[in-house]
Amino acid sequence: MRRAFVVALAVILVTSPVLAQDGGHRFPRRWLIAGVGTLVAGSAVAIYAANFEGDIGGCSSVQCVAPITLFAGAMVGFMIGSESDKLYNLRYAHAPPWTLRGVELPLTVVPTDLSLGARTVFVSGDEGVELVRAGPSLERLGMRARGLRGIGAVTADSVTNIILVGTGVGLYQFPLRNDAPGSLAYPGDISAISADGSITAIGLGPDFLLARHGDSLEAIGDPIAEISRVVDLVWQGNRTLWVLTEDRLASYEVRDGVSTLSGEFALPAVGRRMALGGDTAYVAAGSGGVYAIDISDHTALVQLANWSGVRFAYDVATAAGRVYVAAGPEGLYVTRLDGDRFVPIGLAREAGFVAAVESDGESVYLLDRTGGTLRRIPVEPGR
Amino acid sequence: MHYRPLAGILIASLVAASPARGQGTADSPIAQANALVRDAVLFASRGDTAAALERLERATRLAPTLAEAHYRRGMLLARQAGSGLADMFKRRAAGAELEQAIRIDAGNPLYFLELGRLRLKQGFMRLDAQRLFKRALRAAQERGDPTAVAEVEAELGDIYHRRYQAVGHRRLITGDAWQFNPQEALGNPNYAREFLTERSTEIEDAGELDLRQAEEHYRTGAAVAPAHDKAAAGLLGILFDARRFEEFLEAARGFVRAAPDNSRAHLFYGLGLWRMNRGREATRAFDRALSLMTPSERGQLTHLSMIMRKADAESYERLTGAERGEFNRIYWSANDPLKLTIENEHLLEHLARVAYTDIRYSAPDLHLRGWETDRGVIYIRYGPPPVVATFPPGTNQLGEFSDPIDASDRTTLSGDPMMTGRITTVWYYPERNLRFVFYGPPGYNFARFAGEFRAYAEDARYAMPVKYDNVPVNEALDSIAIQTALFRPKADTLGTELVIFAGVPLRRMAGAVDIAEGPLETGLFVTDALERSVVETRRRETVVFHAERQFEQRTFMSFIAPGQYRYRVEALQPATRRAARGSGLLAVDAFDRPALMLSDVVLADRVAPRTDAPADRTEFFLDPNPAMRYAPGDEVHLYWEIYNLQADSAGVVRYEAEVTLRVQTLERRGFAANVVGGVLDAVGVTAKGDDQLTLRYEVSDVLGSRDRLPGWVALDLADAPNGTYILELLITDMASGQTFVRRRTFTVSEPEP
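Criteria and cut-off values
Residues numbered from 1 in each chain as written. Chains lettered and ligands numbered in written order. Predicted model: local features only at pLDDT ≥ 70, side-chain atom pairs only at ≥ 80, totals over all residues. Helix = DSSP H or I, 4+ residues; strand = E, 2+ residues; numbered from the N terminus. Rg over C-alpha atoms; globule rule 2.2 N^0.38 Å. Contact = placed C-beta atoms within 7 Å. Buried ≥ 20, exposed ≤ 12 C-beta atoms within 10 Å, placed from the backbone. Nonpolar A, V, L, I, M, F, W, Y, C, P; charged D, E, K, R; others polar. Pairing = 2+ DSSP bridges. Axes fitted to C-alpha atoms, helices over the stretch in contact; angles between N-to-C directions. Parallel < 35°, antiparallel > 145°, perpendicular 65-115°, else oblique. Left-handed = near helix turned anticlockwise from the far one by under 90°. Expected span 1.5 Å × (residues − 1). pLDDT = per-residue confidence, 0-100. Core = buried A, V, L, I, M, F, W, Y, C linked by C-beta atoms within 7 Å.

Moving on, we come to the overall build of chain A. Per the secondary structure count, chain A includes three helices and 28 strands. By the compact-globule yardstick of 21 Å for 383 residues, chain A is too spread out, its C-alpha radius of gyration being 27 Å. Its C-alpha atoms put chain A at 100 × 45 × 35 Å along the principal axes. Relative to all contacts within chain A whose residues are 6 or more apart in sequence, the contacts with residues 24 or more apart total 45%.

This is the structure:
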């Protein structure tokens, strides 16, 4: 029991967030724990001194035992603290700690991805798509697409009130307002979807397709070939479609259902997800980090900045001048773009395994894949 | 044990570092020493280490300042030396040579690297090894040699990762126990579960610092030399263990691109693809990996003995290479969980497990590939352990322990000297209550079975040679009830007509699915004894998932030559990935004899002729009962066909049908039956019995142009109790006196809810 107590004490000391504050200075643990070690050793010495009954030779006198014990206690504490400092420095090598605020909701699905609709968050997982009301208090609304496996992309069309769910075998549509059974809208390996109310863009592996949504999904023309797998699609207004593939970001101008490539940016890393913020597109590019690309001129896309402080960028979102990067097991990085460079603001490690992040401008929603929770953090300008 | 990659590295490094020709004049000592070094390289590459060492020794005497000679001699000695006491002098000699090489040329990273590796063989010198690797790293960076940088980074990564392995999954004992007791875990089936759930808790983030540092080193190594095997494998191992599969896949793809001819790169890529459920691509990656391997390495990787019972494995070992290849093909074909899918999920899982053991448990310093280790073998048999726990070396492992709580308990931990100073690692598979305990020295990527766990593993192997519980397709694999029936084909058709009635559990497969309808793939697969395809029928249809009544029966027909076969009927809903399967052995008779013959008896829920004189089963409403299972009170309908009845001069055939019902297992005794439908001659026949009854009746009919005479009856089993019954149909041709008998087994039981 004594040993367990000592180990538990050490663990608590090493891992406690006593001084880990939002971007604040952290007092080196090696000194703190060395002090604790000295105190513990001092207590032992005091007990020894109280029970001391006479020198029996060697280093048994209090004058000899005391400095040695105190030194040993301080050294052990110092070494434990040094390890803690090293770990801290590794964890926060690229950004200081950032405390998460907001609320979290345990999910009923084992989550894999999330997407955001109007007032609704869609969390996809092995068991289907869980609907959560977006807002200050996350409220579970229900499940859709139960039983479907391999769900990869989800989007909602608020005009037709349907949810589109992409899987490896097809695109399925479900009513948003009730849990009536869904139906197959388009067969194929669906890698991405985006609906703008009138036209739906569907990623079909290395191709994408535009479809019009009435009573059913009606393809507009033939699939358009991209150079590699389409991983994300984002509408900007109803005339510009951003197509992110593993190898490039491309913009297409869509007129009367006809899409024309207007600009492209070759990614030096593997593209995964993207977000738009004004005239800037942010691309999460896995081990390549995050790219900021100037899209003010759709025909001439220019890289503004790249940040590879994150080990692996799973997803990216932006709101109020902040860029939120889902960094998997590292947590959530918060950065901002300052001219041609990203300035890291903080890292929220307690966010868990952040596999996906979305923002509606007012809130940021993150998915903790291993913890199985959805978290909403309010966007606070300046923080 | 042979370790081909290590030999390759050794030879490559010897050749790469061979001294440049033309140093000094031809007869100068330096030139002579260089010539001797070149000879030594040749001898070493041929495996003649003694001759190589002798020449290197002469070279160092001739030219004491020739660093290369010292380095090579030191390296050869170091590679020969183990970590035991017996090799202490060899290690010391190797160390002296390498230190001499460093004194002469302190800028060569390879010298530091080799000396560091030597230090790793001495456990207490590991810190010095780390210091040497850091010096090697500086030297490599100064030289601008990316391969050397990657090599050193990988070594540093290994050091940190092995430190992590010693503390990763570390448990804090919270109960009154002093230590996890492997002996207790062996004897008490509840001990491991209770200890892991109630008496210990996992220390979160234990060893994170070492793990992060290991990852940084591997990552840097892989970044400077993307084709570097060891750095890439180290990084991939960490990503895989943390279930960072997206990262794993991207890193593995980078490795493949940088080293397209490296079989391990494709192997690891296949592992990542399979874990991301991309089976088709995984199949291609594994195929590519196997094609790039030497026959010997391929043989090791595809060897199946470890997933067989010991006796079977011994027989397997005696096969020739070609026979083994054919056996492997048959084995994997028979073990494919779903032939409807393009990929063989169990084969992919097996290869993925082997690939993982290669990443995680290979120990080049011990000349071991991952699949040869104890942990590797268990991983390949049972997959990733759901619960892993490690416990530190105790202070009580010398047999001197007495429990502080119960001083009289001196037996629980005593007497296992193998445990001294070793990390205890527990793998627990809760689903089957399998637990395996390993001991391993800290700082080495090696652990072996603790105590009697080798024997326990053998017992487990006998009961369950391999398990693929973690394969997604098995998670939702239902069963298909099947009734097979053989009929004589029409005169112009060869073979025997095989009809398979399958009950696809569509209601269960469609349960709790939110789509109204979706595709259903079904298939019949018949293979011969050598698993060669004989019949393969695939169908695709759309089924309504939320129908009130599901039509679950599917019928497959085929013509097949007499023989022994294995059949399978499969169903798959691609959208839900729910599947079902039924299989069995099939003995196909010939119907080519002129004597009286009888088709199989079809057990059905309803049989009714469509015409007055039906010629064969196509002229019947036939609602088969694939499961051959009836609810109490259900009528049992039978259908059969009689061939070669002898007609009299008026064209009339007469036969006697004798239906015997025998009880196989019964909940209570005594039952009765009467014929309530079928040929008119039979209706009204009744019988009673304790455990057997016989219904007998005669039939006369005009054969006319028919080549067979169909027979059918409906039996009312009244209050026949739940149980299993054997039905025997004996037909006697009244004209010729010939008889023929067929049997079926069916069950009466309460219907499923």
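Attention now moves to the overall build of chain B. A tally of regular secondary structure across chain B gives 23 helices and 26 strands. Taking 753 residues into account, the globule formula puts the C-alpha radius of gyration at 27 Å, and chain B, at 36 Å, lies well above it. Viewed in the frame of its principal axes, chain B has a C-alpha envelope of about 120 × 70 × 50 Å. Taking all 753 residues of chain B together, 42% fall into the buried category. Of the contacts formed within chain B by residues at least 6 apart in sequence, a portion of 65% connects residues at least 24 apart.

All names here are of chain B. The buried count for helix α20 (residues 374–382) comes to nine of nine residues, which makes it a mostly enclosed element. All of the buried residues in α20 are Asp 374, Arg 375, Gly 376, Val 377, Ile 378, Tyr 379, Ile 380, Arg 381 and Tyr 382. Turning to α20, the residues buried within the fold contact α19 (345–360), β4 (423–429), β5 (434–440), β6 (448–449) and α21 (453–463). Remark: Gly 383 follows α20 within two positions and exhibits a positive phi of approximately 80 degrees.

Here we take up the interface of chain A and chain B. In many reports, interface size means the accessible area that the parts give up when they come together. Contacts between chain A and chain B engage 33 residues on the former and 27 residues on the latter. Those elements giving two or more residues to the side of chain A that touches chain B turn out to be α1 (2–15), α3 (62–91), β8 (170–175) and β9 (183–187) of chain A. For the side of chain A that touches chain B, the element with the highest residue contribution is α1(A), accounting for five residues. Grouping the amino acids of the side of chain A that touches chain B by side-chain chemistry returns 17 nonpolar, 11 polar and five charged.

What follows concerns the sheet that holds strand β1 (residues 103–106) of chain A. Residue and element names in this part refer to chain A. What the four strands build is an open sheet, ordered β1-β28-β27-β26; its pairing is antiparallel. Sheet topology places β1 and β26 (354–359) at the edges, where each strand pairs with a single neighbour. Averaged over all pairs of adjacent strands, the angle between strand axes in this sheet comes to 20 degrees, irrespective of strand direction. With six bridges connecting them, strand β27 (residues 363–368) and strand β28 (residues 373–378) associate as antiparallel partners. Within β28, the residue paired with Leu 366 across the bridge is Arg 375.

With that out of the way, let us pick up the packing of helix α2 (residues 29–45) of chain B against helix α4 (residues 67–80) of chain B. All names here are of chain B. Remark: α2 packs on α4, axes separated minimally by 10 Å, with the N-to-C direction vectors making an angle of 25 degrees. With respect to their mutual orientation, α2 and α4 come out roughly parallel. Judged by the twist between their axes, the crossing of α2 over α4 is left-handed. The residues of α4 that touch α2, namely those facing Ala 33, Val 37, Ala 40 and Ala 44, are Glu 68, Ala 69, Arg 72 and Leu 76. Taken together, the residues that form the contact of α2 with α4 break down as six nonpolar, no polar and two charged.

Residue and element names in this part refer to chain A. Reading across from one edge, β6-β7-β8-β9 is the order of the four strands in this open sheet, with antiparallel pairing throughout. In this open sheet, the two strands that pair with only one neighbour each are β6 (153–157) and β9. Strand-to-strand, the axes of this sheet are offset by a mean angle of 25 degrees, without reference to chain direction. As defined by bridge partners, β8 adjoins β9 across four bridges and the pair is classed as antiparallel. Looking at the pairing, Leu 171 lines up with Tyr 186 of β9.

Here we take up helix α2 (residues 29–50) of chain A. Spacing of three or four residues puts side chains on the same side of an α-helix, whose turn is 3.6 residues. Given a rise of 1.5 Å per residue, 22 residues ought to cover 32 Å, and the 31 Å separating the end C-alpha atoms of α2(A) matches this to within 8%. Taken together, the buried positions of α2(A) are occupied by A:Arg29, A:Ile33, A:Ala34, A:Val36, A:Gly37, A:Thr38 and A:Ala41.

With that out of the way, let us pick up the packing of α2(A) against α3(A). All names here are of chain A. At their nearest, the axes of α2 and α3 sit 6 Å apart, and the two run at 155 degrees to each other. By the angle class used here, α2 and α3 are roughly antiparallel. In this structure, α2 meets α3 at a crossing whose hand is right-handed. Class assignment for the residues of the contact of α2 with α3 results in 20 nonpolar, 10 polar and three charged.

Residues and elements named next belong to chain B. For chain B, mean pLDDT is 88; residues scoring 70 or higher make up 90% of the total. Ignoring residues within four places in sequence, the model shows residues 1–23, a span with pLDDT below 50, making 27 contacts including any to other chains. For residues 396–415, every residue scores under 50 in pLDDT, and the model assigns this stretch 23 contacts once sequence neighbours within four places are set aside. Listed scores for the predicted complex are pTM 0.87 and ipTM 0.87.

For the rest of this paragraph, the subject is the nonpolar core. Soluble globular proteins tend to pack their nonpolar side chains together in the buried interior. In this structure, A:Val283, A:Val290 and A:Val316 are the most contacted members of the largest nonpolar core, which totals 179 residues. Excluding its chain neighbours within four sequence positions, the residues that come into contact with A:Val316 are A:Arg273, A:Met274, A:Ala275, A:Tyr282, A:Val283, A:Ala284, A:Val290, A:Val323, A:Tyr324, A:Val325 and A:Val357. Core analysis: the next-biggest nonpolar cluster, separate from the first, contains 114 residues, B:Ala44, B:Tyr71, B:Trp274 and B:Tyr439 among them.

Residues and elements named next belong to chain A. Across the six residues that make up strand β11 (residues 199–204), a large majority, six, are buried. Across four bridges, the pairing between strand β10 (residues 192–195) and β11 is antiparallel. Opposite Ile 193, over in β11, you have Ile 202 as the bridge partner. Taken together, β10 and the strand that follows it, β11, pair antiparallel across an intervening segment of three residues, in which Gly 197 is found at a positive phi of about 110 degrees. Of the strand pairs in this sheet, β11 and strand β12 (residues 207–213) are connected by six bridges, and their pairing is antiparallel. Its bridge partner being in β12, Ala 201 is matched across the sheet by Leu 210. Between β11 and β12, which pair antiparallel and follow one another directly, the connecting turn spans two residues, one of which, Gly 205, has a positive phi of 65 degrees.

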